[in-house]
Amino acid sequence: MSDAKTVVILGGGVGGVVTAATLREQLPHQHRIVLVDREPDHLFAPSLLWLITGQRTARQISRPLDRLAKKGIEVVCGDVDRIDPGTRQVSIIERSSTGATSREIEADYLVVSLGGELAPDTIPGLAEAGHSFYTLAGAESLRDALRTFEGGRIVVLTAAPAYKCPAAPYEAAMLINDQIRKRKLDDRTHIDLYAAEPGPLGVAGPDVSAGVRSMVEAAGIDYHPEHQVVSVDTPKRRLVFANGATAEFDLLAYVPPHQAPRVVRDAGMVDDSGWIPADRNTLHTGYDGVYAIGDVTGIPLKMGKLLPMAGVFAERQAKVVAHNISHDITGDGEMKWFDGNGECFVETGGGKAGFGRGDFYAEPAPQVTLHPVGRRWHLGKVLFEKRWLSKWF
Ligand SMILES: Cc1cc2nc3c(=O)[nH]c(=O)nc-3n(C[C@H](O)[C@H](O)[C@H](O)COP(=O)(O)OP(=O)(O)OC[C@H]3O[C@@H](n4cnc5c(N)ncnc54)[C@H](O)[C@@H]3O)c2cc1C
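Bear in mind that the values here come from a model prediction, so they are computed numbers and not experimental data. (Residues numbered from 1 in each chain as written. Predicted model: local features only at pLDDT ≥ 70, side-chain atom pairs only at ≥ 80, totals over all residues. Heavy atoms only, no water.)

Participant: I would appreciate a short explanation of the site of the ligand in the present structure.
Facilitator: Of all residues adjacent to the ligand, which total 26 residues, the nearest are G15, D37, V80, D295 and V312. One nitrogen or oxygen atom from the main chain of A310 is found 3.5 Å from an oxygen atom belonging to the ligand. Within the residue set of the shell around the ligand, elements represented by two or more residues are α1 (14-26), β6 (79-84) and α8 (311-330). In terms of residue count, α8 provides more of the shell around the ligand than any other element does, three residues in total. Its residues assigned to classes, the shell around the ligand comprises 12 nonpolar, nine polar and five charged. Taken together, domain 1 (6-116 + 260-330) and domain 2 (120-257) each give at least three residues to the shell around the ligand, which thus spans both. (Near = heavy atom within 4 Å. Polar contact = N/O pair within 3.5 Å; in protein donor to acceptor, adjacent residues only side chain to side chain. Helix = DSSP H or I, 4+ residues; strand = E, 2+ residues; numbered from the N terminus. Nonpolar A, V, L, I, M, F, W, Y, C, P; charged D, E, K, R; others polar. Domains from an automatic or database assignment.)

Participant: Hey, could you run me through the environment of A253 in this one?
Facilitator: Tracing the backbone through its elements, the reader meets A253 in strand β18 (residues 251-255). The class of A253 is buried, set by a relative accessible area of 2%. Distance from A253 to T158, taken between C-alpha atoms, is 8.9 Å for residues 95 residues apart in sequence. Once residues lying within four places of it in the same chain are set aside, the contact partners of A253 are H131, F133, L142, V155, V156 and L157. (Buried < 20%, exposed > 50% of the residue type's maximum accessible area, 1.4 Å probe, protein only. Contact = heavy atoms within 4.5 Å.)

Participant: Explain the pairing of strand β21 (residues 341-349) here, please?
Facilitator: Consecutive side chains of a regular strand alternate in pointing toward one face of the sheet and then the other. Sheet topology places β21 next to strand β22 (residues 352-359); eight bridges connect them, and they run antiparallel. If you follow C344 over to β22, its bridge partner there is G356. Counted along the chain from β21 to the antiparallel partner β22, the turn is two residues long, and its residue G350 has a positive phi close to 65 degrees. (Pairing = 2+ DSSP bridges.)

Participant: I tried to follow the environment of D192 on my own but got confused; where do I start?
Facilitator: Among the secondary structure elements, D192 is positioned in strand β13 (residues 189-194). Taking the C-alpha atoms as reference, D192 lies 22 Å from G351; in sequence the two are 159 residues apart. In contact with D192, not counting residues within four places along its chain, are I154, V155, V156, I221, D222 and H224. Among the polar contacts made by the side chain of D192, one reaches the side chain of H224 at a distance of 2.7 Å.

Participant: Sorry, what's going on with the sheet that holds strand β8 (residues 99-106) here?
Facilitator: The strands making up a sheet are joined through hydrogen bonds of the backbone, oriented either antiparallel or parallel. Strands sit in the order β6-β7-β8 across an open sheet of three strands; the sheet is antiparallel. Every interior strand has two partners, whereas the edge strands, β6 and β8, have only one. On average, each strand axis in the sheet is inclined to that of its neighbour by 20 degrees, with strand direction left out of account. Bridge analysis of strand β7 (residues 89-96) against β8 gives eight bridges, and the strand direction is antiparallel. Counted as the bridge partner of S96 is G99 from β8. (Axes fitted to C-alpha atoms, helices over the stretch in contact; angles between N-to-C directions.)

Structure representation (structure tokens):
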């Protein structure tokens, strides 16, 4: 059995789960597939937006990662503490009621899908002042705050210009607005969206950006682009921006700044972009047998921005990488390439959504089309969620 290989996948989010499950379908069982995540559960993050408005519970949008063991995947619940990309050695710290134990795993193939690390503490006052709806705990605390909200100023804030799912804060603002209207608090409530970026979904081009902006403004939300928050005065509930402006709030919902996880920065795997560079088609990092996929990568586009962080890309990259590793081991099939195509739903409230789809590798700039808001796109997202949670678990 000396030709048995070990594939180690770091991260049990979108990219990690799809890589592991696709590899298990394709690789004979003599080859080991190990998936490592610090969390026991996989969270379907797009549905956090429905959790905020009480349409989903944490249980409905999570699945235990150890269900993957039934498929023949070894699931390790622990912190990835050190990566040596040159030797493909990984140190993992597993915690239990009796303490922490460290374990080393050596991989023949290593797939890094550790996502983006949320860094609210880089903006003084931010973490104490508001609810980060990009985490389960923050989305739950925002839901609870909205339930008892009786009117006032709500601010939705992006605390840095680049973050995963560029549509999410715009969707959050529209869904919160919808809930406020349903509770008949609209005559006593004002919603502002302060964004660090110059416009919504800038990578998708000016038409898509203008289209999403008009959806937000049509809902009666005041939009303030190019407002980079520098600090939050928590006692006064006041945001201070780099351009000298300030804004007061009664309820703050924010997207925190993102950075590559500490462990990949310590491993020297990131470049000047702050993210792991990887081949745009194969996701190979340049280290022998080491791939990086999803939000942890920085893939430059010709137009000067990075490929957006989105689950749709993490999923497609995962399928390509899993297929190519399997091809390398078994010799079956042909190499596949990730082509930069992707799509996303834009929830607007009232059971409706818009839908954008396009080629993000098109040159000189991505070619993306935004389809008009309608009920079918909302139903499409509901169906996608159901399929996701049943297909992979
Ligand atoms: C509110 C919200 C809405 C979204 N909506 C959409 C959408 O509609 N469409 C879309 O395409 N995308 C959407 N996204 C983005 C999407 O969820 C991410 O782009 C996607 O999850 C990225 O996949 P990934 O595998 O790169 O990282 P992740 O899914 O973030 O997975 C990373 C995993 O690594 C683990 N991890 C990190 N560091 C360590 C460590 N040191 N040790 C052990 N484990 C570690 C984490 O626990 C996590 O499970 C949304 C995100 C949010 C927050």
